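Residue-level listing of the chains:
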Amino acid sequence: ASINSLPLLMDAHQTLGAAIPIARCREIQVEIENRDNKTGVIAMAVLLTDGASPKRPVLYLGQQPIVSTEPEHFSFKSEPDFETLHFSVPVSPKIRKFDEITVMMLPDVEHALVGPKIAIKQFQLFPR
């Protein structure tokens, strides 16, 4: 929870055991478990980082809404909702490899002071 007027930001970092060449990866899927019962739309963004390079270049894969948080799909959850978000990797990105994945939760004002109850279950990387 946030204890001041600044909105709460959430992110998760995963360091990989070895660097993955970007040219070999066409998509990253993020499987989530949503147990959040507070109304308000939440988006997720994914960044790939080449942590081994001195300047630590980053590739932003964009953001997507978590569908089960959208008003037309929201419901009170006695059981969690499971979703898979798909993030495409561009063919000619500005970085050649990555060894870190960062997932950011981008909540709306309804979640500004209390973090959403959303867990990342797993990542899946799909080859070209």
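Criteria and cut-off values
Residues numbered from 1 in each chain as written. Predicted model: local features only at pLDDT ≥ 70, side-chain atom pairs only at ≥ 80, totals over all residues. Heavy atoms only, no water. Pairing = 2+ DSSP bridges. Helix = DSSP H or I, 4+ residues; strand = E, 2+ residues; numbered from the N terminus. Axes fitted to C-alpha atoms, helices over the stretch in contact; angles between N-to-C directions. Salt bridge = Lys/Arg side-chain N within 4 Å of Asp/Glu carboxyl O.

It is worth spelling out the sheet that holds strand β7 (residues 118-127) at this point. The strand order β5-β2-β7 describes an open sheet built from three strands, whose pairing is antiparallel. The outermost strands of the open sheet, each flanked by one partner alone, are β5 (81-88) and β7. Within this sheet the neighbouring strands show an average axis-to-axis angle of 20°, counted without direction. Across eight bridges, strand β2 (residues 25-34) lies against β5 in antiparallel orientation. Bridged to Glu33 within β5 is Phe82.

With that settled, consider the pattern of salt bridges. Counted by the stated rule, this structure contains four salt bridges. Connected through salt bridges with shared partners, the residues Glu33, Arg35 and Lys121 form a single ionic network.

So, about the sheet that holds strand β3 (residues 42-49). Strand order across the open sheet formed by four strands is β1-β6-β3-β4, with antiparallel pairing between neighbours. Because the sheet does not close on itself, it has two edges, and the strands there are β1 (10-21) and β4 (58-65). Averaged over all neighbouring strand pairs, the angle between strand axes comes to 15°, with direction disregarded. The sheet contact formed by β3 and strand β6 (residues 97-107) spans eight bridges and is antiparallel.

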